[in-house]
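Report on the structure
Below are the chains, spelled out letter by letter.
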2 protein chains.
Amino acid sequence: MKLEVQIKMNPSLYLRDPEQSELGKNIINYSIQLIQKNGFEAFTFKKLAEAIGTTEAGVYRYFENKHKLLVYILSWYWGWLQFQIHYQTNNITDPIVKLTMVIKILATNVEDDIMTSHVDESLLHQILIVEGTKAFLTNHVDKDNKQKLFKPYKDLCNMVSDIILECNPTYKYPHSLSSTIIEIAHLQIFFMYNLPSLTDFNKTDKEDQILAYLNHLVFSSINK
Amino acid sequence: MKLEVQIKMNPSLYLRDPEQSELGKNIINYSIQLIQKNGFEAFTFKKLAEAIGTTEAGVYRYFENKHKLLVYILSWYWGWLQFQIHYQTNNITDPIVKLTMVIKILATNVEDDIMTSHVDESLLHQILIVEGTKAFLTNHVDKDNKQKLFKPYKDLCNMVSDIILECNPTYKYPHSLSSTIIEIAHLQIFFMYNLPSLTDFNKTDKEDQILAYLNHLVFSSINK
DNA sequence: TATTTATGATAGTAATACTATTATTTAAAA
DNA sequence: TTTTAAATAATAGTATTACTATCATAAATA
């Protein structure tokens, strides 16, 4: 028997559930490929439709617009990250070790997860790095937030926040530190590859250096 | 005699220097207003031209496209921030006090600077918070970087980096910490107003709490 | 005064972001 | 098995965006 992880998606994100049909699954898969390859700005429903072999109208039956589709795939990944953290820190008792594991999950490139055969997590991770903040840095963030589109992100943040509090119950900024870890992990990776003078990481052992930086930042902060 | 601060802009950003004409200055001013009000995605050269009372083609004579215009106004603000830091930390000898001042400049809302009569820094600060990362989170970041479009941002980062090293010459991640401070200052402000559950700040004394968080994060980190 | 230069007015194109219509296929219900 | 409903394909069309091109005119400069 094959175990499959199912991540429950907010129905406000789609018009028709993409997980319920072949076309829907294609839309998700090819979106991930195209957004990762050319960036979100260059991504259009027309190009997507051509890649899949369907028509623009076909895509519009599933998603209202490309922003909702972006938030859909990001939500999926936020949910998957939450599951990963839960799964991989399950048997760890020491909260320090737990938090170290969390940082590693957030900041290092993932290998493709066999429990979700239909999605390539490695590509999603790269999308999160470059396009993640575009989910909420819009003028309709309020409207989207009221529709609970960022709940998976908040859940993830809360989960990390709880682990921080396990390490130090008196630490005053667990939520801010959580969102800081998540966002800085992505930004430092982006800078490292694209604007390296904004970082202190040299060409060798890049991921380890990012981890070292994040660990230093986080643990100096909570052990005060 | 009136002192005016001049910020030198990279000529690759524009086709015709907007500071050399009334129309050019209008383009900058109205862009700032419109981008702040409606967000960068909703901003178009047509709407800008209508607001100014010129034509679309008129705007295109100054800027190749709206991305370059965004980077132009962000560069201006990065340059202005660098000047502010220089100016306001000039007579401070204690590097800790200096760095505290830097954090304050980066993270609190600025009052309009009388030395730059033609630009509203408060609006620019709000633009930097929401649109700042969009300057480089593109698929043409490499091309832009080769044209030195991010030099003002890097200069700012280096300046902060140097102050960090003054505080602790053995600290290993001065550049990463600089870019972290800059970006987290903006993100936490954005979260505080739009997605508050990603922070630990309540409705009173918001700015002070952000400052407290950033100071705690930075100084725990470099005093190790 | 002649000439360059900036602007205004207008037109036009290709691509984007959609909506609508109809025919056809596929799947579910009767 | 037939009927019906639902999903898809094919096509067309609209408004807006992101530009480029042309030409006339006004202002600045030589």
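Our structure's up above, just so we're on the same page.
In this report, the structure presented in the accompanying data block is examined. As the structure is a prediction and not an experimental result, all values here were calculated from the model.

Another aspect to go through is the overall build of chain A. A count of helices and strands for chain A gives 10 helices and zero strands. Shown N-terminal to C-terminal, the secondary structure of chain A runs as helices and strands in the order α-α-α-α-α-α-α-α-α-α. Against the compact-globule benchmark of 17 Å for 224 residues, chain A has a radius of gyration of 18 Å, which places it among compact chains. Along the longest, intermediate and shortest principal axes, the C-alpha atoms of chain A span 55 × 40 × 40 Å. When each of the 224 residues of chain A is scored for burial, the buried share is 57%. Within chain A, counting contacts between residues at least 6 apart in sequence, those at least 24 apart form 68% of the total.

Moving on, we come to the state of the cysteines. Residue and element names in this part refer to chain A. Going through the model one piece at a time under the given rule, you end up with zero disulfides over all chains. In this model cysteine 167 remains outside any disulfide bridge; the closest cysteine sulfur is found in cysteine 157, 15 Å from its own. Cysteine 167 sits in the buried class, given a relative accessible area of 17%.

If you look at the interface, chain B gives 46 residues, while chain A gives 46 residues. At the boundary of chain B with chain A, total buried surface from both sides reaches about 4,100 Å², with 63% on carbon and sulfur atoms. The interface formed by chain B and chain A includes zero salt bridges. Elements that contribute at least two residues to the side of chain B that touches chain A include exactly α6 (121-131), α7 (141-146), α8 (151-167), α9 (174-194) and α10 (206-222) of chain B.

By nearness alone, 16 residues border DNA strand C, and Glu56(A), Tyr60(A), Arg16(B), Thr54(B) and Tyr62(B) come closest of all. Of everything in DNA strand C that lies within 4 Å of the protein, sugar and phosphate atoms constitute 50%. Between DNA strand C and Tyr60(A), the relevant distance is 3.0 Å, taken from a sugar or linking oxygen to a side-chain nitrogen or oxygen of the residue. Residue Thr54(B) places a side-chain N or O atom 2.8 Å away from a phosphate oxygen belonging to DNA strand C. With three residues, helix α3 (residues 56-60) of chain A is the single largest residue contributor to the surface near DNA strand C.

Further remarks concern helix α2 (residues 45-52) of chain B. Residue pairs spaced three or four apart in an α-helix point in one direction, given the helix's 3.6 residues per turn. Residues and elements named next belong to chain B. Within the span of α2, buried status applies to Phe45, Leu48, Ala49 and Ile52. Mapping the buried residues of α2 onto a view down its axis gives an arc of 100°, with all of them on the same face. Residues of α2 that are buried in the fold lie against α1 (22-38), α3 (56-60) and α4 (66-89). Looking one or two residues past α2, glycine 53 carries a phi angle of roughly 95°, positive in sign.

We now examine the protein's contact with DNA strand D. Around DNA strand D lies a shell of 16 residues, among which Arg16(A), Thr54(A), Tyr62(A), Tyr60(B) and Asn65(B) are the nearest. Restricting the count to atoms of DNA strand D within 4 Å of the protein gives a sugar and phosphate share of 57%. One of the side-chain nitrogen or oxygen atoms of Arg16(A) is found 3.0 Å away from a phosphate oxygen of DNA strand D. Side-chain polar atom of Tyr60(B) to a sugar or linking oxygen of DNA strand D: 3.1 Å apart, as the coordinates give it. Among the elements that take part in the surface near DNA strand D, α3(B) stands out by supplying three residues, more than any other. For the surface near DNA strand D, the class distribution of residues is five nonpolar, five polar and six charged.

Over the atoms, a rolling probe the size of a water molecule traces out where space has been left empty. Residue and element names in this part refer to chain B. Scanning all chains against the criterion turns up five cavities of 30 Å³ or more. Roughly 130 Å³ of volume is contained in the largest cavity. Glu19, Ile28, Tyr72, His118 and Val119 are, among the 13 residues lining the largest cavity, the residues nearest its centre. Going through the elements one at a time, α1 and α4 are the ones with two or more residues in the lining of the largest cavity. Broken down by element, the residue count for the lining of the largest cavity peaks at five residues, all from α1. Residue composition of the lining of the largest cavity, grouped by class: eight nonpolar, three polar and two charged.

We now examine the pattern of salt bridges. In total, this model carries 12 salt bridges over all chains according to the counting rule given. The closest approach of N and O atoms between Glu41(B) and Lys134(B), which form a salt bridge, is 3.0 Å. Of this pair, Glu41(B) sits in the loop between α1 and α2 while Lys134(B) sits in the loop between α6 and α7, and the two are 93 residues apart along the sequence. The class for Lys134(B) is buried, based on a relative accessible area of 7%. One salt bridge connects Asp142(B) with Lys146(B), and the closest N-O pair in it is separated by 3.9 Å. In this pair, Asp142(B) and Lys146(B) are both assigned in helix α7, four residues apart and thus about one turn of the helix distant. Taking the relative accessible area as the measure of exposure, Lys146(B) reaches 66% and is therefore exposed. In the salt-bridge network here, residues are joined through shared partners; they are Glu41(A), Glu131(A) and Lys134(A).

Let us now look at the environment of Ser178(A). All names here are of chain A. Following the sequence through the fold, serine 178 ends up in helix α9 (residues 174-194). Residue classification places serine 178 among the buried residues on the basis of a relative accessible area of 0%. With 97 residues separating them along the chain, serine 178 and leucine 81 place their C-alpha atoms 13 Å apart. When near neighbours in sequence (up to four residues on either side) are disregarded, serine 178 contacts Cys157, Val160, Ser161 and Ile164. At 3.3 Å, the side chain of serine 178 forms a polar contact with the backbone oxygen of cysteine 157. Within polar-contact distance, the side chain of serine 178 engages the backbone nitrogen of serine 161 at 3.0 Å.

Procedures and definitions
- Residues numbered from 1 in each chain as written.
- Chains lettered and ligands numbered in written order.
- Predicted model: local features only at pLDDT ≥ 70, side-chain atom pairs only at ≥ 80, totals over all residues.
- Heavy atoms only, no water.
- Helix = DSSP H or I, 4+ residues; strand = E, 2+ residues; numbered from the N terminus.
- Rg over C-alpha atoms; globule rule 2.2 N^0.38 Å.
- Buried < 20%, exposed > 50% of the residue type's maximum accessible area, 1.4 Å probe, protein only.
- Contact = heavy atoms within 4.5 Å.
- Disulfide = S-S within 2.5 Å.
- Buried area = accessible area lost by both parts, 1.4 Å probe.
- Salt bridge = Lys/Arg side-chain N within 4 Å of Asp/Glu carboxyl O.
- Near = heavy atom within 4 Å.
- Polar contact = N/O pair within 3.5 Å; in protein donor to acceptor, adjacent residues only side chain to side chain.
- Arc of directions from axis to C-beta.
- Nonpolar A, V, L, I, M, F, W, Y, C, P; charged D, E, K, R; others polar.
- 1 Å grid on protein atoms, 1.4 Å probe; cavity = no way out; pocket = protein on both sides within 12 Å on 5 of 7 lines; lining within 4 Å.
- Points joined across faces, edges and corners; volume = space filled by probe spheres on them.

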